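In case you want the letters, here they are:
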Amino acid sequence: MAKSLAEQLLSAGLVNEKKVKQVKRQKHLERKQDPKGKTKPNAEQQARLDQQRAEAADRDRALNRQRKAEQDAKAMRAQALQMLQHNKQPVDGEIRFNFTDPRNNKIKFLFVSDKVQQHLSSAKLAICAYEEDYFVVPRHVAEKVAERFAESLIYLADESQQQPDEDDPYKDFPIPDDLMW
């Protein structure tokens, strides 16, 4: 087997043993500082690496904002559902109350009592929905639910329709309470 260059130079007498040990130690230190033969990046490569890191950090921040927004929306929906379940009014009755569900543009109905129908018509009660369930809740609860989850508010009577206009010729003739249509 051939001798290494250092051994060959040592046997030829061109270098001494102290110089060979010094060179070996120097090479060992260089290898330790620069592991696995990696070279230090130049300025152009360093700038590209810094830009890639910055872009990755921006992407991560955007994803975190999106996840946070989704979690916040989910929490708001859960709060709305809890408010609806806690404040729902009983709707047992024989009177059919029709309303339009704006989520799918279909006419839906609930069977309510006479008192609930009057409160729904006078905007004291409102109808809210969560998924496929409908809840009759007080107006102030419906407004709080709508702040958290706007699609939930299905029906709330217009108070302006309850007050006759000043120039309405029929303002002295109110609609009878027993009129059903």
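On a predicted model such as this, the values are computed, not experimentally measured, just so you know.

Visitor: Explanation requested: the overall build of the protein in the structure shown.
Guide: For the protein, the count of helices and strands is six helices and five strands. In the protein, the order of α-helices and β-strands from amino to carboxyl end is α-α-α-β-β-α-β-β-α-β-α. The burial tally for the protein puts 17% of its 181 residues in the buried class. Counting only contacts in the protein whose residues sit at least 6 apart along the sequence, the fraction spanning at least 24 positions is 48%. A total of about 15000 Å² of accessible surface is found on the protein, and carbon and sulfur atoms cover 51% of it.

Visitor: Please explain the layout of surface pockets as it appears in this structure.
Guide: Gaps left between atoms show up when a probe the size of a water molecule is rolled over them. Its boundaries defined by the atoms lining it, the second largest pocket holds a volume of some 290 Å³. Around the second largest pocket sit 14 residues that line it, and Ala6, Glu7, Val20, Val23 and Lys24 are the ones nearest its centre. Residue assignment for the lining of the second largest pocket shows that the elements contributing at least two residues are helix H1 (5-12) and helix H2 (17-33). Tallying contributions element by element places H2 first for the lining of the second largest pocket, with seven residues.

Visitor: How should I be thinking about the sheet that holds strand S4 (residues 133-138) in this particular structure?
Guide: Sheets are built from strands paired through backbone hydrogen bonds, the pairs being either parallel or antiparallel. Pairing in this open sheet of three strands is antiparallel, and the strands run S4-S3-S5 from one edge to the other. Since the sheet does not close on itself, it has two edges, and those belong to S4 and strand S5 (153-155), each with one partner. On average, each strand axis in the sheet is inclined to that of its neighbour by 40 degrees, with strand direction left out of account. The sheet contact formed by strand S3 (residues 125-130) and S4 spans six bridges and is antiparallel. What sits directly across from Ala126, in S4, is Val137. Against the sheet, helix H3 (residues 43-87) makes contact with S3 and S4, and its axis sits at roughly 70 degrees relative to S4, the strand it touches most. Strands S3, S4 and S5 of the sheet are contacted by helix H4 (residues 114-121), whose axis makes an angle of about 90 degrees with S3.

Visitor: What's the story with the packing of aromatic side chains in this structure? I'm lost.
Guide: In this description, a pair of aromatic rings is defined by centroid distance and the angle of the planes. Considering all chains together, one arrives at four aromatic pairs under this definition. Judged by centre distance (5.5 Å) and plane angle (75 degrees), the rings of Phe109 and Phe111 are edge-to-face. Among the residues examined, Phe109 registers a relative accessible area of 37% and is labelled partly exposed. The class of Phe111 is partly exposed, set by a relative accessible area of 42%. For the pair Tyr130 and Phe149, a centre-to-centre distance of 6.1 Å together with 65 degrees between the ring planes defines the contact as edge-to-face. Placement of the pair is Tyr130 in strand S3 and Phe149 in the loop between helix H5 (139-148) and S5, with a sequence separation of 19 residues. Neither residue differs from the other here; Tyr130 and Phe149 are each classed as buried. Here the guanidinium or amino end of Arg96 rests over the ring plane of Phe109, the centre of that ring lying 3.7 Å away.

What counts and how
- Residues numbered from 1 in each chain as written.
- Predicted model: local features only at pLDDT ≥ 70, side-chain atom pairs only at ≥ 80, totals over all residues.
- Heavy atoms only, no water.
- Helix = DSSP H or I, 4+ residues; strand = E, 2+ residues; numbered from the N terminus.
- Buried < 20%, exposed > 50% of the residue type's maximum accessible area, 1.4 Å probe, protein only.
- Contact = heavy atoms within 4.5 Å.
- Areas by Shrake-Rupley, 256 points an atom, 1.4 Å probe, with all protein chains shown as cover.
- 1 Å grid on protein atoms, 1.4 Å probe; cavity = no way out; pocket = protein on both sides within 12 Å on 5 of 7 lines; lining within 4 Å.
- Points joined across faces, edges and corners; volume = space filled by probe spheres on them.
- Pairing = 2+ DSSP bridges.
- Axes fitted to C-alpha atoms, helices over the stretch in contact; angles between N-to-C directions.
- Phe/Tyr/Trp six-rings, centres within 6.5 Å; stacked < 30°, edge-to-face > 60°.
- Lys NZ or Arg CZ within 6 Å of the ring centre and 35° of its normal.

Just geometry here; none of it tells us what the structure is for.
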